[in-house]
Amino acid sequence: MSEPTERPSPAAVDHEPRWATFDAVWYVATYGDAMEDPAEDPALFYQRRGVLIGHAPNPFFDERGYLAQYADVAEAVAHAFFESGFQHYREVGFPSRAPHWLFSEHTYIANNRDLGQHVFQADGFVNGYDHYLSRGDLDFRSGSLFFDPQLFRDQSRLAEQPLAADRGCFEQFVSSTGPLSDVRTSLYFDPDWYLRTYPDVSEAIRTGAVRCALHHYLTNDTPLAFNPGPLFDETLYAQRNPDIAAIVDQGGYRNGFDHFLRYGCFELRSGTDAFDLRAYAARPDVAHALASGQARDAFAHKSASLLRASPPSPELAAAIPAQYETLIQRRATSLVPLVVRSPLSFGNANEARVAVVVVARNGFGQTLATLTRLREACTEPLELIVVDRGSRDETRHLEHFVHGARILRLSHDVGLAEGFNAALAVVRAPVCLWIEPGMEPLFGLIDAVTDVFAGDSAVGAVAGRVLQPDGRVAEAGVLIARDAGLHRLGAGSSASAPEVGYSRRVGCATAGALAVRTRALRDIGGLAREFSDFAHLSADLCLRLAGTGSHCVYTPDMLLGAPTFLPPEASDPDDGRLRLRAAHLSRLRFLPSGPATGLRGAYRERSTLVLVPRLPRQVVYGNARRLCAIVTELASRGPVTVLSAEPAGVDLMVLRRALPSNVEILHDRGLDALAPLLRARTGVYDHVWVLSPELLARAVPALREAASALPTGGLVLDAPALGTPRVTVGTLTPGEGAFNAALRQEFHAAWFAQALVAATPGEALELTSAGLGTTRVVGVPVAARTDVPSWAERRNIVCAGVFNNPPSLELSGLEWLLRRVLPEVFAALPDDTRLIVTGPAEYYISFAALVADPRVVYRADEPDLDTLYDRARVFVSPATFTTEVAAEALSAAAAGVPVVTTAQAASQLALGPEAGFLPAGDADAALFAHQIVSAYTHEGFWTELSMAGRRTIPRLHGSAVFRQSVQAALRASTAATLDVESA
């Protein structure tokens, strides 16, 4: 057994850190004018004189900046406890102090979360700066937000100052005294703008007072007087955020921009009138870049876009529709010589999941363009059938350009319906995809079609998202109106608009592509000869399918491009509308009288509106996992709309992958859009699910304003975490009058809801006891595990959760664990024991300050929690209360990992040793450590807890229980009173 390992000093490692060396060449180049005797040894001069006048021994240490930043060090040097700041850093300050204005230990680890003291110690480095100068700089890592090595390299090339490939970017920048000093190094600082705005800085550079514009900005004595660039104004930021300005005045931050970089940019506080940071972050492209890690924050994304932007050419005019269409036609023509040399091949039709039918008459270029795009979009075998209705152009020779297709030659033009029916007679695949010549199928179309059919046997036809030549939506499904008008939904909207990004029932498709089950198509006799155009043939087909109990579904993943611009309503050649009305009068009578303003208004389905404070950035941990589970369950009964009260940058692709396809995500609207949304979709939603009592209080005015659009009942108030027990801990006792009064105040808008839901049994009991009515529990579904590793096959301790910004109880619990509990645990366990901390944290939380022991490993995003649990011997949950649902602890227990937690958290969950949970008091570090060590070291005790967790947790929190709890909450919300029998 051992104590936590101390940080090694420079003298204790087998190499001398680069920051600890003396660089004679650099020293002479930098301080040569101060040396009276040029022949004197620079090292001796530094020791004799340079130390006393503030010289640095190398470019990696800033002597004057170090003393200016740390007043205690300056005082110690003044009193001769240290001869210089460099001596202090070398002997005492190296574990945590910043040696240079472009490097911080905390920032280095925060920017590179695969690093930490466990890595530095294992590889023999003194500290993070030692690692950075030896390896990290060459690996394009960074220890400062003001130094981006890739940006610096790119900008140096533009400045015709190329960098050496065998030296790190940071080393070359800090060592340079020439033009490289003027090259931009960060998205957060614009040196050209800075020098233009503050001309006196150029004089300071010329005299040697500062190295460059960035050096001046980061080290000047009046930081509030200088802005870093055109996108941030110190004065404006202080005026908008007086609370932050007060902290800056007290020395809490260097300036407003310091706060902005740490917190403000993530809180979407704008520092300029030039652009709205919150609105910018809500843009889909920006949100995706932020959530996927392509940009640290919205401010950086904006800076990068301005840096990349080039002024538009005056010759470039806005393209008109005819120009788009001409370009598409020319592209189709250009394909001919390519396909002559290398014909298209569609594989073995016997292996095809889908038959593609193209009915053509002349238009060879359009037909070839469609087939080429089809082959590009799908490489699997397809049953391709091309019907030639008496063409007189190159279509007659199509077999020379296409291999593996069945070409049906008709002697004359028999019409579109007869031509398609001829193909239908020979189709073998279970799905028939009808595509008009000229349409351009895009990637994933075949999989999208087959997935929809496989997921619901009641689906008879599938319509796709069709884009106009300019990239905007031509059609996202079609509404068939009572007068037989065909209205293209989503026409003219952005392809990324939320309204066209989810699956739903529609009337038909009119823009040139429709997938149908082959058997259903044959059962109704194929296409009707009464109609001559694709749109009305499709509408008639889908109405006849509806008569058999099947329906048409729109999926945005079936993506196609149209060769021409289409009007919002389908054209009506040959009186197609009158014929459609005559053929389906009885069914049309029950359809809307006109185009619906909402995309669901036409087809009545049980739909749910879910209001969330803000969308989650991840879907694996805590409340985000619970939210996804609830929305998924609600989507099993019909479409769901999720409306975020706060527009924020999230990766919609992550959310869409985690949620069913019939979930609409309104990420960019905000709560102001609630009333207009409900009015536009009157009668659409039969339930509203609101997450958090605070959000319900904010939403009540809009809900009352649009009350006629909603049913009388059906509103569920869901409280993932109660605020009162957390903010009153230690001051109020649960169950007593003052506590219940505070709880009722927190839920002062609960009267508006018809059902109340909590995430844990303990909190449900508190709400019921406070007089808020019967409260149901909707937890989080946990999968059962059968075959799990034994005690001997496991090692290490795991702590998983969501570590948000202070005052997060999860984060404070982790700090308590690391500082108060872990030393006792590590003293009692084998030296190779590790604590693995995993889970999302806000970017600005520095685990460098928390995780000082090399035996603590932080993983920001563990891709496979099940494997992690299978390898762990003990799970710890140290928070007294949790603001996030205990999904990780429940999953760990279900996987056979004993969970050591606080007594209060165990009480919240109503779980104990019989469920694999081991309560360990509240804020009792010795007891908590004892319970961890006992569960870790005693095989029999561990096995008993492991079996209890695997047996009990799936029974209490399995998928079936979760499904029943959600359905019970919905039923209760439509009952006459809250006091109905609890499910």
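Residues numbered from 1 in each chain as written. Predicted model: local features only at pLDDT ≥ 70, side-chain atom pairs only at ≥ 80, totals over all residues. Heavy atoms only, no water.

Brief notes about the domain arrangement of the protein
Thinking step 1. Per the domain assignment, the segments making up the protein are domain 1 (18-252), domain 2 (323-589), domain 3 (607-777) and domain 4 (791-957).
Thinking step 2. Domain 3 and domain 4 are separated by 29 Å when their C-alpha centres are compared.
Thinking step 3. Listed per partner, the contact involves 18 residues of domain 3 and 22 residues of domain 4.
Thinking step 4. Listed by contribution, the elements that provide at least two residues to the side of domain 3 that touches domain 4 are α28 (622-635), α32 (724-727) and α34 (761-769).
Thinking step 5. Of the residues that constitute the side of domain 3 that touches domain 4, the class distribution is 8 nonpolar, 5 polar and 5 charged. (Domains from an automatic or database assignment. Contact = heavy atoms within 4.5 Å. Helix = DSSP H or I, 4+ residues; strand = E, 2+ residues; numbered from the N terminus. Nonpolar A, V, L, I, M, F, W, Y, C, P; charged D, E, K, R; others polar.)

Considerations on the sheet that holds strand β21 (residues 775-777)
Thinking step 1. With parallel pairing, the 7 strands of this open sheet are ordered in space as β17-β16-β15-β18-β19-β20-β21. The open sheet is flanked by β17 (663-666) and β21, the only strands paired with a single partner. Across this sheet, the average inter-strand angle for adjacent strands is 25°, counted without regard to direction.
Thinking step 2. Bridge count for strand β16 (residues 640-644) against β17 is 4 bridges, and the pairing is parallel. Bridged to Val-640 within β17 is Val-663.
Thinking step 3. Strands β15 (607-612), β18 (685-691) and β19 (715-719) of the sheet are contacted by helix α31 (residues 693-705), whose axis makes an angle of about 155° with β19.
Thinking step 4. The strands that α34 touches are β20 (755-758) and β21; relative to β21, the one it contacts most, it runs at about 175°. (Pairing = 2+ DSSP bridges. Axes fitted to C-alpha atoms, helices over the stretch in contact; angles between N-to-C directions.)

Some thoughts on the packing of aromatic side chains
Thinking step 1. Taken as a whole and assessed by the stated rule, the structure comprises 49 aromatic pairs.
Thinking step 2. Note on Tyr-27 and Tyr-46: the rings are 5.8 Å apart at their centroids and 75° apart in plane angle, and the pair reads as edge-to-face. A residue pair is termed long-range when its members are at least 10 positions apart, and Tyr-27 in helix α1 (residues 24-31) and Tyr-46 in helix α2 (residues 42-48) qualify at 19 residues.
Thinking step 3. Look at Phe-147 and Phe-152: their rings are 5.5 Å apart centre to centre, the planes differ by 45°, and that puts the pair in the tilted class. There is no split in this pair, since Phe-147 and Phe-152 are both buried.
Thinking step 4. Geometry around Phe-275 places Lys-302 over its ring, the cationic atom sitting 5.3 Å from the centre.
Thinking step 5. Over the ring of Tyr-936 we find Arg-873, and its NZ or CZ is 4.6 Å from the ring centre. (Phe/Tyr/Trp six-rings, centres within 6.5 Å; stacked < 30°, edge-to-face > 60°. Buried < 20%, exposed > 50% of the residue type's maximum accessible area, 1.4 Å probe, protein only. Lys NZ or Arg CZ within 6 Å of the ring centre and 35° of its normal.)

Some points on helix α38 (residues 887-894)
Thinking step 1. Taken across its 8 residues, α38 has 8 buried, putting it largely inside the fold.
Thinking step 2. The set of residues buried in α38 consists of Ala-887, Glu-888, Ala-889, Leu-890, Ser-891, Ala-892, Ala-893 and Ala-894.
Thinking step 3. Positive phi appears at Gly-896, one or two residues downstream of α38, with a value of about 90°.

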